[in-house]
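Tertiary structure, described
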Amino acid sequence: MPPCSLPRYMAAATQPPRRPPRASSPRALPVINLGNLGKDPASRALVVQDIAWACRERGCFQVVNHGVTKPVMKGALEAASEFFESSTELKEEFASDDIQQPIRYDTSSRDGISLARSFLKHYANPVEDWIRYWPSQPATYRTKMGEYAVEIQSVSVQLTEAILQGLGLGPSYLEDKLEKGVQVMALNNYPQFSHQGDKLGLAAHSDYGFLTILLQSSPGLEVMHHNDDAWTAVPVIPEALHVHIGDQLEVLSNGRIKSLVHRAVLNPNEARMSIASIHGLSMDEKVHCADELVDELHPRMYRGNSFQDFLDFLPLNINNYKRFIESLKIDRA
């Protein structure tokens, strides 16, 4: 095919990358307007370039005009707050150290990385399959969190398609599998920093899945950009969502993009709430390095793996934290 007739997704991937707007300092986090993804091909190509640059150079970015309304985001944070403020007896109904459960409440250190948090995790896609497991109290929890989960799932598909397009794979590369993929919602409750305990709420780690979309009530998230040895605080921008790359995308891209190491520090001014929505393929679907990204100069770097493989890995790693992605690397020594 002549160069002048490259498919649009290949053209976007091969054009010189540009730094996204508002990313002028070495550690600044890009802020990307997703509203332009659905516009004309030229506008979409520019957004795809911005996302590709952010994935490659930062491992994360923030998005605005993403389609999730302010009332829905506010409602989700309210529902999370009301759950954590509910009685101990209600929360303990969901307490479990079995990570295979469809819903699980726990506190502090049994996952090996929590230092000062309580959390509720549950599956969410498709919401009609999982909502019956969610708390029925507070009374509005299922409605508010359900609306948010559905809208965030839609955003995740748009973002993943754009990332795949930026890799030169095409926006429809995993179209059906993304729609049916796993969505894990992790509601995190961090106490205010009291100067008497550990300042960390969550130790450094990377997330499994393709990507994580985070809504936070106040500052506390810190990220470590690639080839950096310092932590960068993630600001809370009104109505923005934070996005970071997970282990599965590092595998699929054959190392072209890397999963993001991040942590949570306790806020000295107030308690902090966050809702992390983690997205990947279905539970037993293996993710492999894309054949299109493997050649003599770029040999296959990772073994195939599934979400279930990650769950099986976790119990072996309690209190001896090792990133899952490290266990997947192929030794070519």
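Residues numbered from 1 in each chain as written. Predicted model: local features only at pLDDT ≥ 70, side-chain atom pairs only at ≥ 80, totals over all residues. Heavy atoms only, no water.

The protein chain goes by Fe2OG dioxygenase domain-containing protein in an unreviewed UniProt entry, where it is assigned to Eragrostis curvula. For the record of the protein chain, the UniProt heading Sequence similarities (unreviewed entry) holds the text "Belongs to the iron/ascorbate-dependent oxidoreductase family." (UniProt positions renumbered as here; feature names shortened; annotations may be inferred.)

1. With respect to the sheet that holds strand β8 (residues 221-224)
The strand order across the open sheet built from four strands is β6-β11-β8-β9, with neighbouring strands paired in antiparallel fashion. The open sheet is flanked by β6 (200-205) and β9 (232-233), the only strands paired with a single partner. Pairing of β8 with β9, which is carried by two bridges, proceeds in the antiparallel orientation. Bridge pairing in β9 places V223 opposite T232. (Pairing = 2+ DSSP bridges. Helix = DSSP H or I, 4+ residues; strand = E, 2+ residues; numbered from the N terminus.)

2. What about the packing of helix α3 (residues 70-84) against helix α6 (residues 141-166)?
Packing of α3 against α6 leaves a shortest axis separation of 8 Å and a crossing angle of 135°. Between α3 and α6, the crossing angle belongs to the class labelled oblique. Regarding α3 and α6, the two cross each other, and that crossing is left-handed. Mapping the contact onto sequence places V72, M73, G75, A76, E78, A79, A80, E82 and F83 in α3 and Y141, K144, M145, E147, Y148 and E151 in α6. In terms of residue class, the contact of α3 with α6 is made up of nine nonpolar, one polar and five charged. (Axes fitted to C-alpha atoms, helices over the stretch in contact; angles between N-to-C directions. Parallel < 35°, antiparallel > 145°, perpendicular 65-115°, else oblique. Left-handed = near helix turned anticlockwise from the far one by under 90°. Contact = heavy atoms within 4.5 Å. Nonpolar A, V, L, I, M, F, W, Y, C, P; charged D, E, K, R; others polar.)

3. Brief notes about the nonpolar core
Of all hydrophobic cores here, the largest spans 77 residues; its most connected members are I51, M145, Y148, L159 and I275. Broken down by element, this core gets its largest block of residues, 11 residues, from α6. Once you skip the residues sitting within four places of it in the chain, Y148 turns out to touch V68, V72, M73, A76, M185, L215, L241 and I275. Membership of the second largest hydrophobic core comes to nine residues, among which are C60, A186, L221 and L260. (Core = buried A, V, L, I, M, F, W, Y, C linked by side-chain atoms within 4.5 Å. Buried < 20%, exposed > 50% of the residue type's maximum accessible area, 1.4 Å probe, protein only.)

4. Some remarks on the pattern of salt bridges
Two side chains bearing opposite charge may form a pair once their charged atoms approach each other closely. Enumeration over the complete set of coordinates arrives at nine salt bridges. Between E57 and R56 there is a salt bridge; the shortest N-O distance is 3.4 Å. Under the relative-accessibility criterion, E57 is labelled partly exposed at 35%. Where R300 meets D291, a salt bridge forms, and the shortest distance between an N and an O atom there is 3.2 Å. The partly exposed category is assigned to R300, whose relative accessible area is 29%. By relative accessible area, which is 56% here, D291 ends up exposed. One salt-bridge network, in which partners are shared between bridges, spans R323, E326 and K329. (Salt bridge = Lys/Arg side-chain N within 4 Å of Asp/Glu carboxyl O.)

5. A word on the packing of helix α2 (residues 41-57) against α6
The interhelical angle for the contact between α2 and α6, taken along N-to-C directions, is 85°, at an axis separation of 8 Å. In this view, α2 runs roughly perpendicular relative to α6, as classed from their interaxial angle. For the pair formed by α2 and α6, the contact residues are R44, V48, I51, A52 and C55 on the first element and L159, E161, A162, I163, Q165 and G166 on the second. For the contact of α2 with α6, the residue count by class is seven nonpolar, two polar and two charged.

6. Quick notes on the side chain of H205
With respect to the helices and strands, H205 occurs in strand β6. In terms of polar contacts, H205 uses its side chain to reach the side chain of D207, at 3.3 Å. (Polar contact = N/O pair within 3.5 Å; in protein donor to acceptor, adjacent residues only side chain to side chain.)

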